[in-house]
Amino acid sequence: GRADAGRERRDAFREELLLSPLPTGDVAATFQFRTRWDADLQRGAVSHYRLFPKALGRLVAALGVRELHLALTQGFWRTRYWGQPPLQAPAGAELWVWFQPAVTDVDKAWKELSNILSGIFCASLNFIDSTNTVIPTASFKPLGLANGTDHHLLRYAVLPREVVCTENLTPWKKLLPCGSKAGLAVLLKAERLFHSSYHSQAVHIRPVCRDASCLAVSWELRQTLTVVFDFFSSGQGKKDWSLFKMFSRTLTDTCPLASQSKVYVDISPKNKEKELLEVSPPPTSLHEAVVQGDKKTYAVYDLLSPSLFNTSRSLNVQLKWKRPQDSSEMPIPTLHAQRYVGGYGLQTGEICTLIYNTHPYRAFPVILLETVPWYLRLYVHTLTIITKGKENKPSYIHYQPAQDRRRPHLLEMLIQLPANSVTKITIQFERALLKWTEYPPDPNHGFYVGSSVLSALVPSVIAMKDMDVEQSPLFTSLFPSSDGSSYFVRLYTEPLLVNLPTPDFSMPYNVICLTCTVVAVCYGSFYNLLTRTFHVEEPSRGGLAKRLANVIRKFRGVPPL
């Protein structure tokens, strides 16, 4: 019995919170909850679930899922002003899944998977179908342990109109071992999380190596939540903040099932004047690491440390600037992009994408993924890529044309970005005229086009050292670096809002009203004439009352009736 219990409890749970002051005065809070289970979910021999959610575990086993990545996002991460995020996601809902080679019908498993996830997270993922699903060939490689990369086993879809709210957060919190009752999840108050500039919650399931020899496989569930609070523009006028100001709560206890629970506060200087930050209470330790090419210094609060809660019953981390910060010189990220729609009228248009490489002397390639709905008919011969006034030919290009009402356009390109350059990518399109039953209830609002995806290995100015995944913070281990000279970045551009030729939907109402009026008047009168019976009535002498009245009038000398 003890051996069986020890065998079933080969799982561990870690949680951490990263607090990062942004150059614009905002504050980004990134929660990461990781559950690692030393079990083989693919064989279906697992019957007892302790920390790993049973709903997701059985889903992985039943549908042959190798990797699953789901993100629900409200807002847009402003990379140009906020810097590189630990993990970015596009606006709306994003789902991409790698299936096992043993899965014969991938499309059927993909449809069933999206329907099940729609029920688990109370999202509209059931609207994922062939019209918004693509099969990338170069982007979205597996993040976990993978024996092969057959892209036919990959499916990717985005719902840019998906609205994220509390009904999506509640089932997400229920997947945690301690729920929202203890640990860092106590801070997840929906009223404060959704009163923010940016909110993104995600679920990542992938197989990882159990140890350094990688002879056995473990399954990792990583739940991430990123939220950006805007204190500086809300009337505060200061960039000082605390846990209570952000979440209206403080940390009172730890999750008893967590093997590690830490709070990281980024106290790195934000400008050349080496401006330092003051945090209180004093941190447990300091941690220095090279994250995304920059040297960072973190104040670490270990919630499992016995001395942390001895002085007070709660932990309220506060950060103050030693002197006012000048935000006129904000650091510019090495790679960022933006996208917009050009042209005029409702017949043709142009999609423009600008990719910036601000590295002073290093050039690097980037993979661009464009997914365009079928009702925007692309003219591929108009594709132009201009860098520093010259044509920039892509090293690799993959285009899958759309089919009306069946599949979207898919365009993938490998583009070389010269140092300190701006690359402009344009492609023209024609707007299709939809059937009147295919328009949404608010057709004049427009139609959303999903974000472009950029994947690149950005060169690092500072050499990064190889670190043990189990010992390093969670926010540095999702995208492991292949070498110390570069780091992986996946960015998303803004979603587009495109107007299509829209008929006047009030005309059917007017026609119906006019038709009903004509039918009621004309047909009613005609039917009345055909069915009415006419009778000629002879005047009668009157009854007894009339006779009595005439007798009385005769005596009074009044003319009879």
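Residues numbered from 1 in each chain as written. Predicted model: local features only at pLDDT ≥ 70, side-chain atom pairs only at ≥ 80, totals over all residues. Heavy atoms only, no water.

A. Inspection of the nonpolar core at higher detail. Membership of the largest hydrophobic core comes to 92 residues, with the highest contact counts inside it found for F31, L56, L68, L117 and V265. Ranked by residue count, the leading element in this core is helix 4 (residues 106-121), at seven residues. There are two domains that each give this core at least three residues, and those are domain 1 (15-321) and domain 2 (335-498). If we skip the residues at most four places from it in the chain, L117 touches L56, L59, L68, L95, C122 and L125. (Core = buried A, V, L, I, M, F, W, Y, C linked by side-chain atoms within 4.5 Å. Buried < 20%, exposed > 50% of the residue type's maximum accessible area, 1.4 Å probe, protein only. Helix = DSSP H or I, 4+ residues; strand = E, 2+ residues; numbered from the N terminus. Domains from an automatic or database assignment. Contact = heavy atoms within 4.5 Å.)

B. Spatial organisation of the sheet that holds strand 11 (residues 277-280). The strand order across the open sheet formed by three strands is 9-14-11, and the pairing between neighbours is antiparallel. Single-partner strands in this sheet number two, and they are strand 9 (241-242) and strand 11. In the sheet, strand 9 pairs with strand 14 (residues 318-321) via two bridges, with the strands oriented antiparallel. Residue pairing in the sheet places W241 in a bridge with L319 of strand 14. (Pairing = 2+ DSSP bridges.)

C. Quick look at a nonpolar patch on the surface. Together, Y361, V461 and I462 line one region of the surface with nonpolar side chains, adding up to about 330 Å² of accessible area. In this structure, I462 sits in the loop between strand 24 (453-459) and strand 25 (486-492). (Patch = residues over 30% accessible without salt bridge, like charges linked within 9 Å, V, L, I, M, F, W, Y side chains within 5 Å. Areas by Shrake-Rupley, 256 points an atom, 1.4 Å probe, with all protein chains shown as cover. Salt bridge = Lys/Arg side-chain N within 4 Å of Asp/Glu carboxyl O.)

D. Representation of the state of the cysteines in the model. The tally for this structure, following the rule as stated, stands at one disulfide. With no disulfide of its own, C513 lies 6.8 Å from the sulfur of C516, the closest cysteine sulfur. (Disulfide = S-S within 2.5 Å.)

E. The arrangement of the side chain of T226 in detail. Here T226 lies in strand 8 (residues 217-229). Dropping the residues within four chain positions of it, T226 is found in contact with A29, T30, W77, Y198, H199 and S200.

F. Molecular detail of helix 4. Across its 16 residues, helix 4 extends 22 Å between first and last C-alpha, which sits within 8% of the 22 Å expected from 1.5 Å per residue. For helix 4, the set of buried residues is V106, A109, W110, L113, S114, L117, S118, I120 and F121. Backbone geometry just after helix 4 places C122 at a positive phi near 55 degrees. (Expected span 1.5 Å × (residues − 1).)

G. The arrangement of the sheet that holds strand 24 in detail. One open sheet holds the five strands; their spatial order is 20-21-17-24-25, and the pairing between them is antiparallel. Each of the sheet's edge strands pairs with one partner strand only, and the pair in question is strand 20 (396-400) and strand 25. When the angles between neighbouring strand axes are averaged without regard to direction, this sheet yields 15 degrees. Sheet topology places strand 17 (residues 364-372) next to strand 24; four bridges connect them, and they run antiparallel. In the strand pairing of strand 24, V366 is matched with A456. (Axes fitted to C-alpha atoms, helices over the stretch in contact; angles between N-to-C directions.)

H. Just the pattern of salt bridges, in detail. The full count for this structure, using the stated rule, is eleven salt bridges. Across the pair R34 and E220 runs a salt bridge, and its minimum N-O distance is 3.7 Å. Remark: E220 occurs in strand 8 and R34 occurs in strand 2 (residues 27-37); sequence separation between them is 186 residues. Accessibility assignment for this pair places R34 and E220 in one class, buried. Linking R155 and D107 is a salt bridge whose minimum nitrogen-to-oxygen distance equals 2.9 Å.

I. Inspection of the environment of F121 at higher detail. Considering the arrangement of structural elements, one finds F121 in helix 4. Placed 47 residues apart in sequence, F121 and N168 show a C-alpha to C-alpha distance of 5.3 Å. In contact with F121, other than residues within four places in its own chain, are L70, E167, N168, P171, W172, L175 and V203.

J. Looking closely at the packing of aromatic side chains. What the rule picks out here adds up to 17 aromatic pairs. Among the aromatic residues, those joined into a cluster by ring pairs are F13, F31, F33, W172, F229 and F247. Across the ring face of Y81, the terminal group of R80 is positioned such that the distance to the ring centre comes to 5.4 Å. (Phe/Tyr/Trp six-rings, centres within 6.5 Å; stacked < 30°, edge-to-face > 60°. Lys NZ or Arg CZ within 6 Å of the ring centre and 35° of its normal.)

K. Up close: the confidence of the model for the chain. Per-residue confidence for the chain averages 85 on the pLDDT scale, and 89% of its residues sit at or above 70. pLDDT under 50 marks residues 1-8. Its contacts with residues more than four places away, or in other chains, come to two contacts. (pLDDT = per-residue confidence, 0-100.)

L. Representation of unusual backbone geometry. Geometrically, the link from S280 to P281 is a cis peptide bond, its omega value of 0 degrees lying close to zero. The topology assignment puts P281 in the loop between strand 11 and strand 12 (285-291). The phi dihedral of S248 is positive, around 60 degrees, even though this residue is not glycine. For S248, the position within the fold is in the loop between helix 7 (243-247) and strand 10 (260-266). One non-glycine residue, K388, adopts positive backbone phi at about 55 degrees. Residue position: K388 is located in the loop between strand 18 (376-387) and strand 19 (390-391). Taking relative accessible area as the criterion, K388 reaches 54% and is therefore assigned exposed.

M. How the structure looks around the pairing of strand 15 (residues 335-342). Sheet topology note: the strand 15/strand 16 (residues 348-357) ladder contains eight bridges and is antiparallel. Within strand 16, the residue paired with L335 across the bridge is N357. Counting the residues that bridge the hairpin from strand 15 to strand 16 gives five residues, and of these G343 lies at a positive phi of roughly 95 degrees.

N. Structural view of the environment of V498. Considering the arrangement of structural elements, one finds V498 in strand 26 (residues 496-498). With a relative accessible area of 4%, V498 lands in the buried category. For the pair V498 and F447, spaced 51 residues apart in sequence, the C-alpha separation works out to 5.2 Å. Those residues in contact with V498, other than ones at most four positions away along the chain, are V341, L376, F429, R431, G446, F447 and V449.

O. Focus on the pairing of strand 1 (residues 11-21). Of all the eleven residues making up strand 1, ten are buried; the element is thus mostly covered by neighbouring parts of the structure. Judged from the eleven bridges that link them, strand 1 and strand 2 form a sheet pairing that is antiparallel. Across the sheet, residue L19 finds its bridge partner in strand 2, namely A29. Two successive antiparallel strands, strand 1 and strand 2, enclose a turn made up of five residues, where G25 displays a positive phi of approximately 100 degrees. Examined bridge by bridge, strand 1 and strand 10 share six bridges and lie parallel to one another. Its bridge partner lying in strand 10, L19 is registered against V265.

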